[in-house]
Every structure is written in C-alpha cells, then in structure tokens.
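Observations on the three-dimensional arrangement
Next come the chains, spelled out residue by residue.
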Amino acid sequence: MLHLSSFDVRLSTTHSSRFARLEFGAFREAVKCRLIVESSINIKPLIPFGGDDVQTRHIEEARVLILPIYYEVAPSYGEGSGEGPFHFLTASHELETIDEETLSDWSSLGLHTLPALIPSTDPEKAISEIRQAAKTHLDTGKFLLSIGGDHAVSIGLIMAAAQIHPDIGVLQIDAHMDLRDTWHGSRYNHGCVMRRVADDMRLPFVQVGIRSFSPEEAAYVKSKGLKPFYAHNIHPQDDSWMDDVINNLPEKIYLTIDVDGLDPSVMPGTGTPVPGGLDYRQLVSLIKKIGASKKVIASDINELAKIEGTQVSEFTAAKIAVKLFVHCL
Ligand SMILES: [Mn+2]
C-alpha cells in the first residue's frame, strides 16, 4: 500500500530560470499529481533594439550597448519582470526613428543589442555575474543600457560602473526606497539595491519619486539624514525641483530607472504599481536636464512586467530608452 501525504519536487533547468513544483497527493483510490509553476521566466529569442535594420552589426563600431538581463528572483508582489527584456525589445521595433524633441534620428546613433544575459538564480552569484558582464562592456567606454529583469540587476551594474568610475553617483527613479538591508533572505534582493549602493559601495545617490517604504527604511533615511524626493512633494507643473536633484549629484552619473517610479496611469505594467508617481513628461524633462548637465555613464530600465492585452508599458519603456539616447549620449 502506498502512503503519500504530500510531496514536493523542485525542478530547475540549466538553460532558464524555470522552476516548477510537483505536488503529489495521496487519495484512497489513486495517487494524483499536480504541476504548479511557481515562477518561470520564458526565455524567448530577442530582436535587437529597433529591429535588425537599426542594429550596428560590429560591436566595435557601436556607441551604445544594450544588455538584456533575464532575471527575476523573489518578486514582492506581481510577477513578470523576468520577461521584461523580451517585451521591451519587441516594442522597440514599433518606435519611429525620429525623436520629436530633438528631431534627430536615433537609429543612426550606433546601437548594438548584446545577447541576453541569463544569470544564476542565486542572488549573490547573479550579482557577481552581472557585475563581470557589465564591467567588460563598460571597459570599452561605450554607453551601456541594461534592461531588467527585477531591480536587483542594478546592484551588479552599479558595482561595475563604480569599479571603473569611483567618483560616480547614482540617480534612482523609483516608487520604493530599496533601502532594506535584507529582503526575502538576501542582501542582493530588489528591495536592497540602494542599501548596497549606500553601505557597501558608499556612493552618493539621489532618490526620486519615492512613495512606498518600510519602518526600517524610514529609520535608515532619518539616521543618515537622507533627503529623498518624495513624490508628494514634486510639483506637477514647476520643474525647479530638478535643479536640486542635479545639485546633489556629482558629475558622473549612473541612472537607474525602476519603471514603477512612473505613475501607474502611465506605466501600469510593473509588479508593484503605486499611485501618485511621476508622469512621463516629468521623467523625460529630468533625463534631458541630467543629460545636459552631467555625464551619464550607464543606465538601466527595470521592473517592466507586461500586461496581456495592452502594449502601453513596454512601448513607454522603449520610448524612455530613446530619450536616454538622444539626451544623454
Ligand atoms: Mn526599485
């Protein structure tokens, strides 16, 4: 007689971050088996940013490198950021190549989309892999735009940028402080990005769009005398607060854009949409001002999670990438 009460099997494949749990239940007459997909990243083939016609074939001739990173570990709420690079790049193909503000043709800037990076699902290992990959690309002196993935990818990316440019500062667009020391059992979780920047990398940083944080983070901000740009203090029409952002940063910038920094009416496709965020034009103005007054070394766009039936989020994310190219190169 077979007696099974419950039985879990965790499966993982070597080529993707796909996890599954097999559940066996014992019943009087039969043993039933149920497959539950806990979290999976569907690794799909990617098109280059803007499509094949835009791709600068030879990497040596490129001015901009775009690094897609399939990574999503322990999301806090909604899932799907792991497949963000696929949806971002697919949407980028639909962009017109003239930027309406500058009237420049961004397709001739020399964009080269790199093969996707699929890091380990162990956060510490993943951060190390991302750091090494980013370091190799940043060593070329080209502008690196990385596409997440969850926000944890930025830890490795910023580490790499700071290795090459120790005088760099970080500008974070985000609804969340990401100042937890650990989250979901790791110091390298998406909720810990800026804590690593502050405590481990000891870099100056400015946070914009903040409207969601824990008691631990509030206490940390108070103890360190930090002055985040809370979303509720950002004037809807007057952009003069952006001068304060600029004045609080050094000359060299790493710009990390968690898409949930935008208002969910603009960017609904993200795991933790929080009302009251930046509007699209405010973000573009900030990018423009930063680009005009600082040297942006590298950037990332992360936490994009597609909503089936609408393309607004991924198309907006792709458009933000164009704004980085036309204003920050
Ligand atoms: Mn974040």
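Quick caveat: nothing in here was measured; it's all calculated off a predicted structure.

The first and last C-alpha atoms of helix α8 (residues 312-328) sit 24 Å apart over 17 residues, in line with the 24 Å expected at 1.5 Å per residue. For α8, the tally of buried residues reaches 14 of 17 residues, placing the bulk of the element in the interior.

As a general point, the strands of a sheet are linked pairwise by backbone hydrogen bonds and lie either parallel or antiparallel. Sheet architecture is open: eight strands sit in the order β5-β4-β6-β11-β10-β7-β8-β9, paired in parallel fashion. Because the sheet does not close on itself, it has two edges, and the strands there are β5 (111-113) and β9 (229-230). As defined by bridge partners, strand β10 (residues 252-258) adjoins strand β11 (residues 295-302) across seven bridges and the pair is classed as parallel. Residue pairing for β11: I257 is matched across the bridge by I301.

What follows concerns the confidence of the model for the protein. Low pLDDT marks stretches whose predicted atomic positions should not be read closely. The predicted model of the protein has a mean per-residue pLDDT of 90, with 88% of residues at 70 or higher. Scored below 50 in pLDDT, residues 1-38 shows 48 contacts in the model against residues more than four places distant or in partner chains.

Topologically, A62 is positioned in the loop between β3 (31-39) and β4 (64-68). In sequence terms A62 and H112 are 50 residues apart; their C-alpha atoms lie 5.8 Å from each other. For A62, the contacting residues outside a window of four places in its chain are T56, G110, L111, H112 and K142.

As a further point, take the environment of I297. Take I297: it is sitting in strand β11. A sequence separation of 132 residues divides I297 from H165, and the C-alpha atoms of the two residues are 8.7 Å apart.

Within the largest apolar cluster, 88 residues are counted, with the highest numbers of intra-cluster contacts made by I130, I158, A161 and A321. The leading source of residues in this core is α8, at nine residues.

With that settled, the discussion passes to the packing of helix α2 (residues 123-138) against helix α3 (residues 153-164). Relative orientation of the contacting elements α2 and α3 amounts to 40°, with a least axis distance of 7 Å. Between α2 and α3, the interaxial angle falls into the category oblique. The hand of the α2/α3 crossing is right-handed. Judged by residue contacts, I127, S128, I130, R131, A134, K135 and L138 of α2 engage V153, I155, G156, L157, M159, A160, A161, Q163 and I164 from α3. Residues that form the contact of α2 with α3 fall into these classes: 11 nonpolar, three polar and two charged.

Counting along an α-helix, one turn takes 3.6 residues, and residues three or four places apart therefore face a common direction. Summarising burial for helix α1 (residues 84-92): eight of the nine residues are buried, a large majority. Along α1, the positions that sit buried rather than exposed are G84, P85, F86, H87, F88, L89, A91 and S92. The inward-facing, buried residues of α1 contact β4, β5, β6 (143-147) and α8.

Along strand β7 (residues 168-173), six of the six residues are buried, which leaves the element largely enclosed by surrounding structure. The alternating pattern of β7 places I168, V170 and Q172 and G169, L171 and I173 on opposite faces, both of which are buried. Looking at chain direction, β7 and β10 are connected through six bridges and run parallel. When the bridges of β10 are listed, Q172 appears paired with T256. Pairing between β7 and strand β8 (residues 205-210): four bridges, direction parallel. Paired with I173 across the two strands is V208, which belongs to β8. The β-α-β motif built from β7, the intervening helix α4 (residues 193-200) and the parallel element β8 has right-handed crossover chirality.

Turning next to the environment of V326. Within the fold, V326 resides in helix α8. The class for V326 is buried, based on 22 C-beta atoms found within 10 Å. A sequence separation of 224 residues divides V326 from T102, and the C-alpha atoms of the two residues are 7.3 Å apart. In contact with V326, not counting residues within four places along its chain, are D99, T102, S104 and W106.

What follows concerns unusual backbone geometry. Omega for the bond connecting G148 with G149 falls within 30 degrees of zero, at 15°, which places this linkage in the cis form. Locating G149 in the fold gives a position in the loop between β6 and α3. Residue R202 is not a glycine yet carries a positive backbone phi of 55°. The residue R202 is located in the loop between α4 and β8 in this model. At E303, a position not held by glycine, the phi torsion is positive, near 70°. Structurally, E303 can be placed in the loop between β11 and α8.

Thresholds, definitions, all that
Residues numbered from 1 in each chain as written. Predicted model: local features only at pLDDT ≥ 70, side-chain atom pairs only at ≥ 80, totals over all residues. Helix = DSSP H or I, 4+ residues; strand = E, 2+ residues; numbered from the N terminus. Expected span 1.5 Å × (residues − 1). Buried ≥ 20, exposed ≤ 12 C-beta atoms within 10 Å, placed from the backbone. Pairing = 2+ DSSP bridges. pLDDT = per-residue confidence, 0-100. Contact = placed C-beta atoms within 7 Å. Core = buried A, V, L, I, M, F, W, Y, C linked by C-beta atoms within 7 Å. Axes fitted to C-alpha atoms, helices over the stretch in contact; angles between N-to-C directions. Parallel < 35°, antiparallel > 145°, perpendicular 65-115°, else oblique. Left-handed = near helix turned anticlockwise from the far one by under 90°. Nonpolar A, V, L, I, M, F, W, Y, C, P; charged D, E, K, R; others polar. Right-handed = clockwise from strand over helix to strand, strands pointing away.

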